[in-house]
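Listed below, chain by chain, are the residues.
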Amino acid sequence: MLIPSFNPGGKVRRHGARRPGTVDPVWVVVDGSTAAPAVLEEMARTDPGLRVLVRATNGGKGAALLDGLREARRAGSPTP
């Protein structure tokens, strides 16, 4: 599963990026956000099914999805 994200705020911590029993891995592409990367990276340290890719600048949903697909492919993951 591939999730593009831009400044999701407190929703990330409240709802999580991944639910137990969901498809592994879940890739979250942080698209130039200022607040979420640290929270998501902290969550990924304790959740082996969560992968976080951080883009330095906002490029829009399409750019985030393309970067996520490329990184997942490089990592040997089936297409999310």
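Rules of the game
Residues numbered from 1 in each chain as written. Predicted model: local features only at pLDDT ≥ 70, side-chain atom pairs only at ≥ 80, totals over all residues. Heavy atoms only, no water. Salt bridge = Lys/Arg side-chain N within 4 Å of Asp/Glu carboxyl O. Helix = DSSP H or I, 4+ residues; strand = E, 2+ residues; numbered from the N terminus. Polar contact = N/O pair within 3.5 Å; in protein donor to acceptor, adjacent residues only side chain to side chain. Contact = heavy atoms within 4.5 Å. Expected span 1.5 Å × (residues − 1). Buried < 20%, exposed > 50% of the residue type's maximum accessible area, 1.4 Å probe, protein only. Arc of directions from axis to C-beta.

### With respect to the pattern of salt bridges
So, point 1. Here the structure, examined in full by the defined rule, presents four salt bridges.
So, point 2. One salt bridge connects Asp67 with Arg70, and the closest N-O pair in it is separated by 3.0 Å. On the criterion of helical spacing, the pair formed by Asp67 and Arg70 is a turn pair, its members being three residues apart in helix 3 (residues 61-74).
So, point 3. The residue Glu71 makes a salt bridge to Arg74 at a minimum N-O spacing of 3.0 Å.

### Comments concerning the side chain of Ser33
So, point 1. By the secondary structure assignment, Ser33 is in the loop between strand 2 (26-31) and helix 2 (36-46).
So, point 2. A polar contact is formed between the side chain of Ser33 and the backbone nitrogen of Asn7, at a distance of 2.5 Å.
So, point 3. Those residues within four positions of Ser33 in sequence are excluded, and the remaining contacts are Ser5, Phe6, Asn7 and Pro8.

### Looking at helix 3
So, point 1. Taking 1.5 Å per residue as the helical rise, helix 3 with its 14 residues ought to reach 20 Å, and the 20 Å between its terminal C-alpha atoms agrees with that figure.
So, point 2. Every buried residue belonging to helix 3 is among Ala64, Gly68 and Ala72, and all of these are buried. Within helix 3, the buried residues cover an arc of 65° as seen down the axis, which keeps them to one side. Of the exposed residues in helix 3, those oriented more than 90 degrees away from the buried face are Arg73 and Arg74.
So, point 3. Elements in contact with the buried residues of helix 3: strand 1 (2-5), strand 2 and strand 3 (50-55).
So, point 4. In the stretch just after helix 3, Gly76 is the one whose phi turns positive, near 85°.

Note that every value here comes from positions in space, so none of it alone points to a role or purpose.
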